[in-house]
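Structural characterization, general
One-letter residues, chain by chain:
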Amino acid sequence: MYGIVNKAIEELVIANFGEEKWEAIKLRSGIDIDYFISSEPYDDAITFQLATAVSQEMDMTLSAVLIAFGEWWVVKTTKEKYGGLMEAGGDNLKQFLINLPLFHNRVMLIYPKLTPPEFKVTHVTENSINLHYLSKREGLQDFVRGLIQGLGIMYSTPVTINLIQTRDEGSSHEIFNIIW
């Protein structure tokens, strides 16, 4: 993952719990990197070590950490750093979700070494959509749940998210049913 992801975890922790807590999390994670460079790729293991350390240090489940981080990523990180890109996604939640399969094509112009997930949409209705999440990375479905919740916050649209298919149960990918 690119350094911007790890920097966002750092910003989330510092904004909510302070610099001392971030230093404790870094120590617990065993990661000896003083500063993450946003445009540089880092091993995925570093991101998972940080998330695990946050979980342990804050006495939260890893699931809760990933959901909180997904929300933060949309509401704070992308809004501040990529506002125009986010706004180009659509005028409302439904439009953004329908346009999501094309989103990472634009992101890859900024981060050419990105290995993005693939999103597909099916069963589009007036108030719901099925979002298919296909990724080489495992263990990020709660992060995606947080992203969806963050999009709901961004568009001031309360969402209900149901995981209707998961790799944890032998499927090839996750499907989230999103209702607004």
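In this text the structure is predicted, and so the values were computed from the model without any measurement. (Residues numbered from 1 in each chain as written. Predicted model: local features only at pLDDT ≥ 70, side-chain atom pairs only at ≥ 80, totals over all residues. Heavy atoms only, no water.)

Following the criterion strictly, the structure yields six salt bridges and no others. Note that Lys21 and Glu57 form a salt bridge whose closest N and O atoms lie 3.3 Å from each other. Here the residue Lys21 occupies a position in helix α2 (residues 19–29), and Glu57 occupies one in helix α3 (residues 44–58), the gap between them amounting to 36 residues. Overall, the relative accessible area of 25% leaves Lys21 in the partly exposed class. With its nearest N and O atoms 2.6 Å apart, the salt bridge here joins Arg137 to Asp44. Placement of the pair is Arg137 in the loop between β2 (128–134) and α7 (141–154) and Asp44 in helix α3, with a sequence separation of 93 residues. When its relative accessible area of 17% is taken as the criterion, Arg137 is described as buried. Taken together, the shared-partner salt bridges in this structure form one network comprising Lys21, Arg28 and Glu57. (Salt bridge = Lys/Arg side-chain N within 4 Å of Asp/Glu carboxyl O. Helix = DSSP H or I, 4+ residues; strand = E, 2+ residues; numbered from the N terminus. Buried < 20%, exposed > 50% of the residue type's maximum accessible area, 1.4 Å probe, protein only.)

Per the counting criterion, the structure on display carries one cavity of 30 Å³ or more. Estimated volume of the largest cavity: approximately 700 Å³. Lining the largest cavity are 37 residues; nearest its centre among them are Trp73, His104, Pro117, Phe143 and Leu147. The element best represented in the lining of the largest cavity is helix α6 (residues 93–110), accounting for six residues. Here the lining of the largest cavity is built from residues that sort into 31 nonpolar, five polar and one charged. (1 Å grid on protein atoms, 1.4 Å probe; cavity = no way out; pocket = protein on both sides within 12 Å on 5 of 7 lines; lining within 4 Å. Points joined across faces, edges and corners; volume = space filled by probe spheres on them. Nonpolar A, V, L, I, M, F, W, Y, C, P; charged D, E, K, R; others polar.)

In the structure shown here, the tally under the stated rule is six aromatic pairs. Seen from their ring centres, Phe36 and Tyr42 are 5.3 Å apart, and the 80° between their planes marks the pair as edge-to-face. For the pair formed by Phe36 and Tyr42, the shared burial category is buried. Centre to centre, the rings of Phe96 and Phe103 are 5.6 Å apart; their planes meet at 50°, and the pair counts as tilted. In terms of burial, Phe96 and Phe103 fall into one category: buried. (Phe/Tyr/Trp six-rings, centres within 6.5 Å; stacked < 30°, edge-to-face > 60°.)

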